[in-house]
Amino acid sequence: MLSDLQAKDVINLVDGKKIGSIIDASVDKTGKIIELSVQRRRFIFFSSAAILIRWGQIDKIGKDVILVNVKG
């Protein structure tokens, strides 16, 4: 399942911008995903650190993208 999610772009519904791509996931004792680690978009001279997106911030998982609500 993680590999399926890693193939999708993560888009923020707050501003419509691409956040980046999933690089890892944290799971609880039952195997349920609780948060995703997303590598931010890379720019020419630097790359930003990964950010964590809680499962509750995910609005929709589509065929090609994951839509999230991340403020700030």
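Reference entry: report on the structure contained in this document.

How each quantity is defined
- Residues numbered from 1 in each chain as written.
- Predicted model: local features only at pLDDT ≥ 70, side-chain atom pairs only at ≥ 80, totals over all residues.
- Heavy atoms only, no water.
- Salt bridge = Lys/Arg side-chain N within 4 Å of Asp/Glu carboxyl O.
- Buried < 20%, exposed > 50% of the residue type's maximum accessible area, 1.4 Å probe, protein only.
- Helix = DSSP H or I, 4+ residues; strand = E, 2+ residues; numbered from the N terminus.
- Contact = heavy atoms within 4.5 Å.

Next up on the list: the pattern of salt bridges. In total, this model carries 1 salt bridge according to the counting rule given. The closest approach of N and O atoms between Asp9 and Lys18, which form a salt bridge, is 3.2 Å. For Asp9, a relative accessible area of 28% puts it in the partly exposed group. On the basis of relative accessibility, which here comes to 34%, the residue Lys18 falls in the partly exposed class.

On the secondary structure map, Leu13 appears in the loop between β1 (9-12) and β2 (18-27). Residue Leu13 is classed as partly exposed on the basis of its relative accessible area of 39%. As for Leu13 and Ile58, which are separated by 45 residues in sequence, their C-alpha atoms are 9.7 Å apart. Excluding its chain neighbours within four sequence positions, the residues that come into contact with Leu13 are Asp59, Leu67, Val68 and Asn69.

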